[in-house]
Amino acid sequence: QVQLVESGGKLVHAGDSLRLSCAVSGSIVSLSATSWYRQGPGNQRELVAKFTSRDMPDYPDSVKGRFTISRDGYKNMVYLEMNNLKPEDKAVYYCNHARYSLSGRTDYWGQGTRVTVSS
């Protein structure tokens, strides 16, 4: 089992910065299997930051240049630094950890942390 606890979401103004944190615990092999998703009002959940198979950060165009994913292996924490926030970044942000086995991929999710961006 893997447990994920997000924190840091709050109400901010457009142009502000915010850092989200994800505490990862349990049966994990690598923090690089941890990524960030978000789900805005009326939208499907979408990936906003991850580590590639070469352990490089990767982002969709919608957040590239503004969001940064990082990790602290000593603390088992994964962070999402968000700069120049826009009203369209308003969403519940989720931490995801993917674990692979012979039977396939298992996704673990946190409870989410809400980010509201006022214009």
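The numbers attached to residues start from 1 for each chain and follow its sequence in the written order. In keeping with the predicted nature of the model, local features appear solely for residues at pLDDT of at least 70, side-chain atom pairs appear and are counted solely at 80 or more, and the whole-chain, interface and lining totals rest on all residues. Calculation of side-chain values draws on the structure's entire complement of heavy atoms; hydrogens and water are dropped beforehand.

1. Here we look at the environment of Gly-26
Within the secondary structure layout, Gly-26 lies in strand 3 (residues 18-26). Any pair of residues with heavy atoms lying within 4.5 Å of one another is described as a contacting pair. Contacts of Gly-26, omitting those with residues within four sequence positions, involve Gln-1, Val-2 and Gln-3. Going along the chain from the N terminus, every DSSP run of H or I of four or more residues is numbered as a helix, and every run of E of two or more is numbered as a strand.

2. Description of the nonpolar core
Buried Ala, Val, Leu, Ile, Met, Phe, Trp, Tyr and Cys residues form a nonpolar core when they are joined through side-chain atoms within 4.5 Å. In this scheme, a residue with accessible area under 20% of its type's maximum is buried, one over 50% is exposed, and one in between is partly exposed, where area comes from a 1.4 Å probe on protein chains only. Judged by nonpolar contacts, the single largest core of 26 residues is most densely connected at Leu-20, Trp-36, Phe-67, Leu-80, Met-82 and Tyr-93. Among the secondary structure elements, those contributing two or more residues to this core are strand 1 (2-7), strand 3, strand 5 (46-51), strand 7 (67-72), strand 8 (77-82), strand 9 (91-101) and strand 11 (113-118). The greatest single-element share of this core, amounting to four residues, is contributed by strand 3. Not counting residues up to four positions away in its chain, the partners in contact with Phe-67 are Arg-38, Val-48, Tyr-59, Leu-80, Glu-81, Met-82, Asn-83, Leu-85, Asp-89 and Tyr-93.

3. Concerning the sheet that holds strand 1
Spatial ordering of the open sheet is given by 1-3-8-7, a layout of four strands whose pairing is antiparallel. Each edge of the open sheet is held by one strand with a lone partner, namely strand 1 and strand 7. Each adjacent strand pair in this sheet contributes to an overall mean axis angle of 20°, direction not counted. Paired strands, in this sense, are two strands between which DSSP finds at least two bridges. Here strand 7 pairs with strand 8 via six bridges, running antiparallel. Note that in strand 8 the partner of Thr-68 across the bridge is Glu-81. To define axes, lines are fitted to C-alpha atoms, for helices over the stretch in contact only, and angles between the resulting N-to-C directions are given on a 0 to 180 degree scale.

4. So, the side chain of Ser-21
Relative to the elements of secondary structure, Ser-21 occurs in strand 3. Since its relative accessible area comes to 11%, Ser-21 is described here as buried. The residues touching Ser-21, leaving out its near neighbours within four places in the chain, are Val-5, Glu-6, Ser-7, Trp-36, Met-77, Val-78 and Tyr-79.

5. Side note on unusual backbone geometry
For Asp-55, which is not a glycine, the phi torsion comes out positive at approximately 65°. You can call Asp-55 partly exposed: its relative accessible area is 33%. Positive phi is not limited to glycine here, since Asn-84 has a value of about 50°. Structurally, Asn-84 can be placed in the loop between strand 8 and strand 9. When its relative accessible area of 44% is taken as the criterion, Asn-84 is described as partly exposed.

6. A look at the packing of aromatic side chains
Classification of ring pairs uses Phe, Tyr and Trp, with its six-membered ring standing for Trp, and accepts pairs whose centres are within 6.5 Å; under 30 degrees between planes counts as stacked, over 60 as edge-to-face, and the remaining range as tilted. In total, this model carries two aromatic pairs according to the counting rule given. Here Tyr-37 and Trp-109 contribute two aromatic rings whose centre-to-centre distance is 4.9 Å and whose plane-to-plane angle is 70°, an arrangement assigned as edge-to-face. Linking Tyr-37 in strand 4 (residues 34-39) with Trp-109 in strand 10 (residues 104-109), this pair joins segments that are 72 residues apart in sequence. Plain terms: the ring middles of Tyr-94 and Trp-109 are 6.4 Å apart, the flat faces sit at 90° to each other, and that makes the pair edge-to-face. Of this pair, Tyr-94 sits in strand 9 while Trp-109 sits in strand 10, and the two are 15 residues apart along the sequence.

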